Amino acid sequence: MSMTNTKIVGGRSAEFLNRIVSNQSDKRRAVNEALGRVLSAYLPTAYDDQLMEQIDWLLDSMLLELGEQPGVAAAEGMVRGGRALVVTGEAGAGKSRALAHAFASRSEFEGFGKPGEWCPLLSVVAPSPFTLGALGNEIARKLGYHGRREIQHSKVWPVVRELMAECGIRILHIDEAQHGDEIQSDSMTQEVENTFKRMMQEADWPIWLILSGLPELSRFCQADASMKRRVRVLPFEALTFDDHAGAVRQTMRDLVALCPSVGCAQLQSEEFAHRLLHAATYQFGIVVEYVQDAIAECLTVESGGELGLGHFADVYAIRTGMRNDDNLNPFLANDWTAVPVESALYEDVLDDTGKPTGARKPKGRNTKGMRK
């Protein structure tokens with residue numbers, strides 16, 4: 001798309017959004033303002049400090065490898081290549097949000113996520129179905145390549161390395177990087193690792209990596225002795241009731257406090273915290289999403305009031321499609337610990353032929369107008 005066409009489309013999009021705003025009722029506008037506060041709130045966890053420490057390690061290794069650490073003389077032939085930080089966790093653990101918050105809050109990454117501003121860190125989402133060529137072309141597009149056709153698989157990664165040097169990119173973050181596990185061939189898996197290894201060992205412009213995805217990603221380069229020592233893994237573990245029930249209740253109070261018209265006094269029991277943890281498959285990010293969506297339901301349908309089990313039950317029903325059987329809803333069932341929420345929350349990722357790839361993805365969220 002040409003620069004002129006881009007400006008025209010951008011102008012039309014802005015006009016359309018202004019039409020939406022001008023047609024909002026006072027209630028819609030008030031609800032959206034409240035939801036904006038809830039959805040934009042970031043709730044730190046113990047993993048934030050650990051993540052910051054590992055990013056420190058990554059950045060410090062860059063100074064040492066490139067001979068830029070003050071007070072440390074650069075040794076001849078010292079540059080051995082970049083490092084890789086691998087952040088793992090089940091879907092909904094909160095790792096992507098934690099990384100985005102870290103990138104946006106650290107001064108080293110000033111400009112991150114701001115159109116037109118330079119940042120030394122580039123973040124992309126791995127395509128699915130995954131191929132090395134598709135990933136390379138996605139990175140090239142992010143770096144400003146606007147060719148009418150995709151670059152051939154055999155040529156795209158030299159182009160990517162050249163573009164990263166030209167754009168001053170030192171750190172590449174690949175989210176959903178476990179999509180690389182969709183490749184069934186051992187030789188192709190090795191090619192993926194070799195491609196990343198070459199980027200990290202590029203003599204003129206080595207790259208540092210941050211990979212985030214499902215736990216199977218922890219296998220990255222573990223079979224390569226020369227690379228294993230350059231890789232650190234930070235796992236985001238699942239929550240437990242014994243250790244985190246109090247934190248779950250505090251999370252709900254913190255989010256509800258952003259909406260003065262909503263209360264949660266009725267949902268401060270240990271049983272509710274346990275129901276919520278079970279419904280969220282003990283993943284912190286999903287706990288937060290349930291609370292956000294329940295607040296949205298309460299504000300949209302009832303203009304506020306006390307959060308109740310019904311709001312959370314409706315959120316679960318629309319998210320999973322389990323609308324007609326209370327025994328399959330962990331917020332309503334008597335034997336709620338037996339409800340198989342994991343199979344209801346996730347769906348198989350299919351390949352181009354419609355066959356399961358072995359990977360799973362969370363079902364989409366849509367909480368508008370759930371109560372009838």
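Reading guide: rules and limits
- Residues numbered from 1 in each chain as written.
- Predicted model: local features only at pLDDT ≥ 70, side-chain atom pairs only at ≥ 80, totals over all residues.
- Heavy atoms only, no water.
- Helix = DSSP H or I, 4+ residues; strand = E, 2+ residues; numbered from the N terminus.
- Buried < 20%, exposed > 50% of the residue type's maximum accessible area, 1.4 Å probe, protein only.
- Contact = heavy atoms within 4.5 Å.
- Phe/Tyr/Trp six-rings, centres within 6.5 Å; stacked < 30°, edge-to-face > 60°.
- Polar contact = N/O pair within 3.5 Å; in protein donor to acceptor, adjacent residues only side chain to side chain.
- Pairing = 2+ DSSP bridges.
- Axes fitted to C-alpha atoms, helices over the stretch in contact; angles between N-to-C directions.
- Parallel < 35°, antiparallel > 145°, perpendicular 65-115°, else oblique.
- Left-handed = near helix turned anticlockwise from the far one by under 90°.
- Nonpolar A, V, L, I, M, F, W, Y, C, P; charged D, E, K, R; others polar.
- Salt bridge = Lys/Arg side-chain N within 4 Å of Asp/Glu carboxyl O.

### Focus: the overall build of the protein chain
Here comes step 1: Of regular secondary structure, the protein chain possesses 13 helices and nine strands.
Here comes step 2: Burial status across the protein chain gives 44% buried among its 372 residues.
Here comes step 3: Considering only contacts within the protein chain whose residues lie at least 6 apart along the sequence, 68% involve residues at least 24 apart.

### Some remarks on the environment of glutamate 150
Here comes step 1: Tracing the backbone shows glutamate 150 in the loop between α5 (132-142) and α6 (153-166).
Here comes step 2: Overall, glutamate 150 belongs to the exposed group, its relative accessible area being 53%.
Here comes step 3: On a C-alpha basis, the gap between glutamate 150 and alanine 134 in space is 8.4 Å, while along the polypeptide they are 16 residues apart.

### What about the packing of aromatic side chains?
The relative placement of two aromatic rings is captured by the distance of their centres and the angle of their planes.
Here comes step 1: Applying the stated rule across the entire model yields nine aromatic pairs.
Here comes step 2: A ring pair is formed by phenylalanine 103 and phenylalanine 109, whose centres lie 5.8 Å apart and whose planes are at 85°; its orientation type is edge-to-face. Taken as a pair, phenylalanine 103 and phenylalanine 109 share a single burial class, namely buried.
Here comes step 3: Measuring from centroid to centroid gives 5.0 Å for phenylalanine 272 and phenylalanine 312, while their planes differ by 70°, and the two rings are edge-to-face. Of this pair, phenylalanine 272 sits in helix α10 (residues 270-279) while phenylalanine 312 is found in helix α12 (residues 309-320), placing the two residues 40 residues apart along the sequence.

### Here's the deal with the environment of alanine 46
Here comes step 1: Secondary-structure assignment places alanine 46 in helix α3 (residues 46-65).
Here comes step 2: Taking the relative accessible area as the measure of exposure, alanine 46 reaches 58% and is therefore exposed.
Here comes step 3: Linking alanine 46 and phenylalanine 236, residues 190 residues apart in sequence, is a C-alpha distance of 9.7 Å.

### Digging into the side chain of aspartate 224
Here comes step 1: Structurally, aspartate 224 is set in the loop between β4 (208-213) and α8 (225-228).
Here comes step 2: For aspartate 224, a relative accessible area of 18% puts it in the buried group.
Here comes step 3: Engagement of the side chain of aspartate 224 in a polar contact is seen with the side chain of lysine 197, the distance being 2.9 Å.

### Some points on the pairing of β4
Here comes step 1: For β4, a buried count of six out of six residues is recorded, marking the element as mostly surrounded by other parts of the structure.
Here comes step 2: Burial of β4 is two-sided: the residues Trp208, Ile210 and Ser212 facing one way and the residues Leu209, Leu211 and Gly213 facing the other way are all buried.
Here comes step 3: In this structure, strand β1 (residues 84-89) lies alongside β4, joined through five bridges in parallel fashion. Residue valine 87 lies in a different strand from β4, and its bridge partner there is serine 212.
Here comes step 4: Relative to β4, strand β3 (residues 171-175) runs parallel, the two sharing four bridges. Across the sheet, the residue bridging to leucine 172 is leucine 209, located in β4.

### A look at the packing of helix α9 (residues 241-256) against helix α11 (residues 284-302)
A pair of packed helices is captured by two measures, namely the crossing angle of their axes and the spacing between those axes.
Here comes step 1: Interaxial distance between α9 and α11 falls to 10 Å at its minimum, and their mutual angle equals 40°. Judged on the interaxial angle alone, α11 and α9 are oblique. In terms of crossing hand, the pair formed by α9 and α11 is right-handed. Of α11, the residues touching α9 (which contributes Val248, Thr251, Met252, Leu255 and Val256) are Phe284, Val287, Val288, Val291, Gln292 and Ile295.
Here comes step 2: Broken down by class, the residue content of the contact of α9 with α11 amounts to nine nonpolar, two polar and no charged.

### Digging into the pattern of salt bridges
Here comes step 1: All chains considered together, the criterion is met by eleven salt bridges.
Here comes step 2: Its salt-bridge partner being glutamate 15, residue arginine 19 comes within 3.0 Å of it at the nearest N-O pair. A residue pair is termed a helical-turn pair when its members lie 3 or 4 positions apart in one helix, as arginine 19 and glutamate 15 do in helix α1 (residues 3-22) at four residues.
Here comes step 3: On the accessibility criterion, glutamate 15 (43% relative accessible area) is partly exposed.
Here comes step 4: Between glutamate 289 and arginine 319 there is a salt bridge; the shortest N-O distance is 2.7 Å. You can see glutamate 289 sitting in helix α11 and its partner arginine 319 sitting in helix α12, a full 30 residues away along the chain.
Here comes step 5: Among the residues examined, glutamate 289 registers a relative accessible area of 21% and is labelled partly exposed.
Here comes step 6: Classification of arginine 319 as buried rests on a relative accessible area of 7%.

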